[in-house]
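Close look at the chain arrangement
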Amino acid sequence: MEVLASSSLSPIFTKRNTINPNFSIQFQALQVKLFVSQPSKTLKASSFRYARPPRRIANPGLVFVCNRCWCLLERNDHRKFSGKIMMKSSVSFRKNLSVALVRLLSVLLVSSISVVTTDSPSWGLSEENLLFLEAWRTIDRAYIDKTFNGQSWFRYRESALRNEPMNNREETYMAIKKMIATLDDPFTRFLEPGKFQSLRSGTQGAVTGVGLSIGYPAASDGAAAGLVVISAAPGGPAYRAGVSQGDVILGIDNTTTETLTIYDAAQMLQGPEGSTVELAVRSGPETRVLSLTRERVSVNPVKARLCELPGSGSNSPKIGYIKLTTFNQNASGAVKEAIETLRGNNVNAFVLDLRDNSGGSFPEGIEIAKFWLDKGVIVYICDSRGVRDIYDTDGSNAIATSEPLAVLVNKGTASASEILAGALKDNKRALVYGEPTYGKGKIQSVFQLSDGSGLAVTVARYETPAHTDIDKVGVTPDHPLPKSFPKDEEAFCGCLKDPTAACYLNQGLLFSR
């Protein structure tokens, strides 16, 4: 059987008539066109996917075919009409058809409105509700775990909007923090406007804080509790207050540092410019409580030193020591400058010290890895579906690929530092010394919200070139360091020169596999 239909029609449903299998009605349900201007063409009945059976009609040999505008009658017994027959519908039929069309349009209109408004609750939303929704939507789109720690993210949104108080900005911030806490991800966090600005400025070469670089106490310090000052920025608030290298930070704003990571402590030390922070500092046998005012402090991420070891004349071995304390936007340029300066002094080998470097800008870590590698994968970026991106190098940015290289790490080495250490280790470019690193194998992106606050959201995880997932495990070093090995460049050179020192590390072993 063939059905005549206008080329403008495109029915979308089909169902056979169980009363009379030779009888079917074709009906379009999605589009309504009042006029048909294109010429008719013949379509196969199989292309119609819905046929609603009408009442029985007297002649089963006829097929009754309707669209929105007309009905056609055609035989179904292989005998042809002389042409199309336009049925003259009764007044009752036209009335019923009009009512059916109105009902259909109403249903479609309600369905369309329902689909459009699915992403937002149906009740009135306040300004505070909208800020909460902005944070929810940012996490919904960017977060790596699409199970959201095994919960319905949509149901949480509806529940929070109904049950969480959001009458002012402070309550809204608390609601956002509570929502983030359900993810059980310490690296996805909410940042008030002041902290957001401080974090953003910290990756741009300056930080609003007290000018301290901190690290974990060395094993030789015994039972020393707290965090050790690696350096105090000259002219910074801590430096002016007399805090110096080797001092121990016992507490920050009445919170003991005994259980704090350096990552958490660094966040507590930073804050809005002009705000105060209280530190409990032990210098030798004396403990002081200092109230310091945060200010914008320029951070030089690199310290470099040329160590000349005992030897005969011009053949004395020279080792270039580079300490990288953070990955801000100045890091790669500073490291490149240090490498070129040391190579200009004809160094025989390099030591890259990443101890207590808690990370920073991911792109800076990638660029620094390229200085040392002639080719190879630097890191794999993965999401819930597997490898999403690959960062590698072809050697075009390499400047130091031939000299022996040792990398120093400890449990304060995290994030971008671990990416760099893992890349150099897995590509057989460097030997890694120290202790297992922190194990932060996830990558965060920072998003600004409309009121100036922000979100740091875990968007991916990474694997080293050997496809090692170091999250909560860390990079495993090739060799340990002596327990008393120092963290400053002056003492480092002394440990390589003096065979009687407790920290002595033979240069032959330092660079030997």
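Everything here concerns the structure above.
Along each chain, residues carry numbers from 1 onward, in the same order as the chain's sequence is written. With pLDDT at 70 or above as the cut-off, local features in this predicted model cover only qualifying residues; side-chain atom pairs require 80 or more to be listed or tallied, and sums for whole chains, interfaces and linings still use all residues. Note that the side-chain values use all heavy atoms of the structure and ignore hydrogens as well as water.

Regarding the pattern of salt bridges
Going by this rule: Take a side-chain nitrogen of Lys or Arg and a carboxyl oxygen of Asp or Glu: if they are within 4 Å of each other, that pair is a salt bridge. The numbering of helices and of strands both runs from the N terminus, where a helix is a DSSP run of H or I of at least 4 residues and a strand a run of E of at least 2. In this scheme, a residue with accessible area under 20% of its type's maximum is buried, one over 50% is exposed, and one in between is partly exposed, where area comes from a 1.4 Å probe on protein chains only.
Counting across every chain of the model gives 15 salt bridges. Measuring nitrogen to oxygen at the nearest pair gives 2.8 Å for the salt bridge that ties K178 to E164. With K178 in helix α4 (residues 169-181) and E164 in the loop between α3 (153-163) and α4, this residue pair connects regions lying 14 residues apart in the sequence. E164 sits in the partly exposed class, given a relative accessible area of 21%. The closest approach of N and O atoms between D353 and R355, which form a salt bridge, is 2.7 Å. The class for R355 is buried, based on a relative accessible area of 4%.

Some thoughts on the packing of aromatic side chains
Keep this limit in mind: Between 30 and 60 degrees the pair is tilted, below 30 it is stacked and above 60 it is edge-to-face, where a pair is any two Phe, Tyr or Trp rings, Trp via its six-membered ring, whose centres lie within 6.5 Å. We call a charge positioned above a ring when the Lys NZ or Arg CZ atom is no farther than 6 Å from the ring centre and deviates by at most 35 degrees from the ring normal.
Applying the stated rule across the entire model yields ten aromatic pairs. Taken together, a centroid distance of 6.4 Å and an interplanar angle of 15 degrees make the contact between W136 and W153 stacked. Residue W136 is found in helix α2 (residues 127-142), and its partner W153 is found in helix α3; the two are separated by 17 residues along the sequence. Each member of the pair, W136 together with W153, is buried. When the centroid spacing of 5.3 Å and the interplanar angle of 65 degrees are considered together, the rings of W136 and F154 count as edge-to-face. Of this pair, W136 sits in helix α2 while F154 is found in helix α3, placing the two residues 18 residues apart along the sequence. Connected via pairs of aromatic rings, a cluster forms that spans W136, Y143, F148, W153, F154 and Y156. Geometry around W136 places R157 over its ring, the cationic atom sitting 4.8 Å from the centre.

That is the geometry; function is a separate question.
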